[in-house]
Amino acid sequence: MPKHLIPLTLFAISMGFLETAVVVYLREIFYPEGFDFPLKVIEGKVATTEILREAATILMLFTVSMVAARRWIIRFAWFIFLFAVWDIFYYVFLWLILGWPESLFTWDILFLIPTTWVGPVIAPVINSLTMILLAMVLIGANEQTSGLVRVSGWEWGLLIIGSVITMAAYMEEYTRFILERFTFSEWFSLSRQKEVMDYAA
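Keep in mind that this is a model prediction, so the values were computed, not measured.

Asker: Run through the nonpolar core, naming residues and quoting values.
Answerer: Residues Leu61, Ile73, Ile74, Trp78, Phe81, Val85 and Ile132 are the most contacted members of the largest nonpolar core, which totals 27 residues. Where this core is concerned, the elements lending two or more residues are helix H1 (5-30), helix H2 (44-68), helix H3 (72-98) and helix H4 (122-144). Looking at which element gives the most residues to this core, the answer is H3, with 13 residues. Excluding residues within four positions of it along the chain, valine 85 makes contact with Thr9, Ala12, Ile13 and Ile132.

Asker: Which residues make up the pattern of salt bridges, and what values do they have?
Answerer: With the rule as written, the count across this model stands at three salt bridges. Residue glutamate 50 pairs with arginine 53 through a salt bridge whose shortest N-O separation is 2.7 Å. In this pair, glutamate 50 and arginine 53 both sit in helix H2, three residues apart, roughly one turn of the helix. Glutamate 50 gets classed as buried once you look at its relative accessible area, which sits at 13%. Three or more residues joined by partner-sharing salt bridges are found here, namely Glu19, Glu50 and Arg53.

Asker: Can you tell me about the environment of lysine 3, naming the residues and giving the values?
Answerer: Positionally, lysine 3 belongs in the segment before H1. Sequence spacing of lysine 3 and glycine 140 is 137 residues, and the spatial spacing of their C-alpha atoms is 9.8 Å. In this structure lysine 3 touches Trp78 and Glu143, once residues within four positions along its chain are discounted.

Asker: Describe in detail a nonpolar patch on the surface, supporting the description with residues and values.
Answerer: Taken together, Phe17, Leu18, Val92, Trp95, Leu96, Ile97 and Leu98 make up a surface patch of nonpolar side chains, about 680 Å² in accessible area. Listed by contribution, the elements that provide at least two residues to the nonpolar patch are H1 and H3. Ranked by residue count, the leading element in the nonpolar patch is H3, at five residues. Residue position: isoleucine 97 is located in helix H3. Judged by relative accessible area, isoleucine 97 falls into the partly exposed class, the value being 43%.

Conventions used here
Residues numbered from 1 in each chain as written. Predicted model: local features only at pLDDT ≥ 70, side-chain atom pairs only at ≥ 80, totals over all residues. Heavy atoms only, no water. Core = buried A, V, L, I, M, F, W, Y, C linked by side-chain atoms within 4.5 Å. Buried < 20%, exposed > 50% of the residue type's maximum accessible area, 1.4 Å probe, protein only. Helix = DSSP H or I, 4+ residues; strand = E, 2+ residues; numbered from the N terminus. Contact = heavy atoms within 4.5 Å. Salt bridge = Lys/Arg side-chain N within 4 Å of Asp/Glu carboxyl O. Patch = residues over 30% accessible without salt bridge, like charges linked within 9 Å, V, L, I, M, F, W, Y side chains within 5 Å. Areas by Shrake-Rupley, 256 points an atom, 1.4 Å probe, with all protein chains shown as cover.

Here it is as structure tokens:
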């Protein structure tokens, strides 16, 4: 068993519950009639806080992965492991508390940075299971080779390309929808944010 596996898993599960708790509160306040598309827009300080909270969550996962290992490749492995466990248990706790999602094919807003990601719940779950597998392969290989495991340049290239394609797929539909009405400069203009958000809803 990899060193730190149990405490790091418990940490990620706990973060998954905290994420769920925030969403339970937000849905109670903004979507008491139920969470479904099209959505009521969350604006102002709450919307800004949500974006900053997501950024803070990533920073927390990154910070813990930095403490868990010395080598960058193993820090990367622990980061994607933590992210994946957190994401899976976020949906587990949502289902236990709210009975949502109704199925793995229910659509959700997945992330807000750099713009809105949307997709069926099964998509991030598959991504997360793949990330856990990759993390365990890297961590296990590192222990078997006494820290000599390496990831080649072309392997990093494939990982990066695959990640970019996956993120683009999540952001494509929302981006295409917004750009049917607004230009890029209008989309990110502070003076037109309310108009953009009203249209997105």
